[in-house]
Amino acid sequence: MRGNCVGRRLVDGATPRGGERKCVDSAPRYPAKWPPVTSSELWTRATADRYDAEEKEMSSAAVLTPTLAFLAELAGKGRALEFAIGTGRVGVPLRERGVPVAGIELSEHMSAVLRRKVDEDTLPVVIGDMATTVVPGEFTLVYLLYNTITNLLTQDEQVECFRNAARHLGPGGRFVIELGVPPLRFLPPGQVAVPFDVSDQHLGFDTFDLVEQILVSHHFTREGDHYRRDDSRHRYAWPAELDLMARIAGLELERRVADWDGAPFTQDSVKHISVWRKPT
Ligand SMILES: C[S@@+](CC[C@H](N)C(=O)[O-])C[C@H]1O[C@@H](n2cnc3c(N)ncnc32)[C@H](O)[C@@H]1O
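S.K.: Any chance you could break down the site of the ligand for me, citing the residues and the numbers?
M.R.: Near the ligand there are 23 residues, and of these Ser40, Ala84, Gly86, Arg89 and Leu106 occur at the shortest range. Looking at the shell around the ligand residue by residue, the class counts come to 12 nonpolar, 7 polar and 4 charged.

S.K.: Before we move on, could you go through the sheet that holds strand E5 (residues 169-180) and cite the residues and values that matter?
M.R.: Across the sheet, which stays open at both edges, the 7 strands sit in the order E3-E2-E1-E4-E5-E11-E10 with mixed pairing between neighbours. The open sheet has two edge strands, strand E3 (125-127) and strand E10 (252-257), and neither has a second partner. The mean inter-strand angle of the sheet, taken between neighbouring strand axes irrespective of direction, is 20 degrees. The pairing of strand E2 (residues 101-105) with E3 spans 3 bridges and is parallel. Looking at the pairing, Ile104 lines up with Val126 of E3. Sheet contacts for helix H5 (residues 155-168): strand E1 (80-83), strand E4 (139-144) and E5; angle to E5, the most-contacted strand, approximately 145 degrees.

S.K.: Tell me about helix H2 (residues 61-75), residues and numbers included.
M.R.: Helix length check: H2, at 15 residues, gives a terminal C-alpha distance of 20 Å against a target of 21 Å (1.5 Å per residue), a fit within 8%. Along H2, the positions that sit buried rather than exposed are Val63, Thr67, Phe70, Leu71, Leu74 and Ala75. What you see down the axis of H2 is that its buried residues fit within an arc of 130 degrees, all on one side. Facing away from the buried side of H2 by over 90 degrees, the exposed positions are Ala61, Ala62 and Glu73. On its buried face, H2 sits against E1, helix H3 (91-96), E4, E5 and strand E11 (271-277). Trailing H2 by a residue or two, Gly76 shows a phi angle of about 60 degrees, which is positive.

S.K.: So what about the sheet that holds strand E7 (residues 202-209)? Which residues, and what values?
M.R.: Strand-to-strand pairing in sheets goes through backbone hydrogen bonds, with the strands running parallel or antiparallel. Strand order in the open sheet formed by 4 strands is E6-E7-E8-E9, and the pairing between neighbours is antiparallel. Strands with a single pairing partner mark the edges of an open sheet, and in this sheet they are strand E6 (193-198) and strand E9 (226-235). Between one strand axis and the next, the sheet turns through 20 degrees on average, direction left out of account. Pairing of E6 with E7, which is carried by 5 bridges, proceeds in the antiparallel orientation. The residue bridging Pro195 from the neighbouring strand is Phe205, located in E7.

S.K.: Tell me about H5, and name the residues and values.
M.R.: Between its terminal C-alpha atoms H5 stretches 20 Å, which fits the 20 Å expected from 14 residues at 1.5 Å a residue. Summarising burial for H5: 10 of the 14 residues are buried, a large majority. Taken together, the buried positions of H5 are Glu157, Gln158, Val159, Glu160, Cys161, Phe162, Arg163, Asn164, Ala165 and His168. Those residues of H5 hidden inside the fold are in contact with E1, E4, E5, E9 and helix H6 (239-248).

S.K.: Outline the packing of helix H1 (residues 45-54) against helix H4 (residues 108-115), supporting the account with residue identities and numerical values.
M.R.: Put simply, H1 and H4 touch, their axes get as near as 8 Å, and they point 40 degrees apart. When you trace H1 past H4, the crossing you get is right-handed. Contacts between H1 and H4 involve Arg45, Ala48, Asp49, Tyr51 and Asp52 on the former and, on the latter, His109, Met110, Ala112 and Val113. Here the contact of H1 with H4 is built from residues that sort into 5 nonpolar, 1 polar and 3 charged.

What counts, and at which threshold
- Residues numbered from 1 in each chain as written.
- Predicted model: local features only at pLDDT ≥ 70, side-chain atom pairs only at ≥ 80, totals over all residues.
- Near = placed C-beta within 6 Å.
- Nonpolar A, V, L, I, M, F, W, Y, C, P; charged D, E, K, R; others polar.
- Pairing = 2+ DSSP bridges.
- Helix = DSSP H or I, 4+ residues; strand = E, 2+ residues; numbered from the N terminus.
- Axes fitted to C-alpha atoms, helices over the stretch in contact; angles between N-to-C directions.
- Contact = placed C-beta atoms within 7 Å.
- Expected span 1.5 Å × (residues − 1).
- Buried ≥ 20, exposed ≤ 12 C-beta atoms within 10 Å, placed from the backbone.
- Arc of directions from axis to C-beta.
- Left-handed = near helix turned anticlockwise from the far one by under 90°.

Structure representation (structure tokens):
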């Protein structure tokens, strides 16, 4: 996927591991077959230290200005919670705009980079899994950007992520997801890979397990006279499946657009920004 590529998630070949669940409010209830640990791959220190430099385009004013305007309007006078806040690419400037922001983040390394930009009182972050971690208080907006719902590798966990978003919202509050449309139209019969970036600095392509709905992003990034290789796994989902997850969580689809400027979502859209609302 080009531009909004799932593939910018670099994990240095990290293997799935148990994320620490941290509940600082009340303990959430899990279905009986709930996995005891998250399936998400853990983002390493090396990945965290490179993230901001490698995400220059995604951190540019051209991307952030409409993103922040969209999110700030939905937050209104309330508080916003970012799932998988990372290094604060969006959370930090949203806080600077005057929106009180809190975050949940699995990787202490990503959170440590954020902490170099803003202190805990100004932007609190709880280390934990976005599908299960509960932070105190009520929010008008929960948001999850840059394809990150796909880092949860099972349908159960993605459903639980929606339920966790709903749990944090007050009546009328919104859950926003930014996600690429699975690029399966670009996978002709007989082919195994879809390239999403072929540039001087970086070669990226996705391979697919169409039965398990798992996509692997492969990256070759030029570093001097050699290429660094990174792979990351993602569970892709169509917008309709997300709508069903939202309904399971008690949320209603309010709006789906193709970009942060509000372009209509069509069958040719490569990504969507979806807004679900908690009924009043
Ligand atoms: C593509 S980055 C996005 C970071 C930030 N939201 C942004 O837009 O720049 C994905 C982030 O998701 C985090 N992550 C992955 N799985 C997670 C989980 N289950 N719970 C919380 N964070 C998770 C990673 O550690 C990483 O910081």
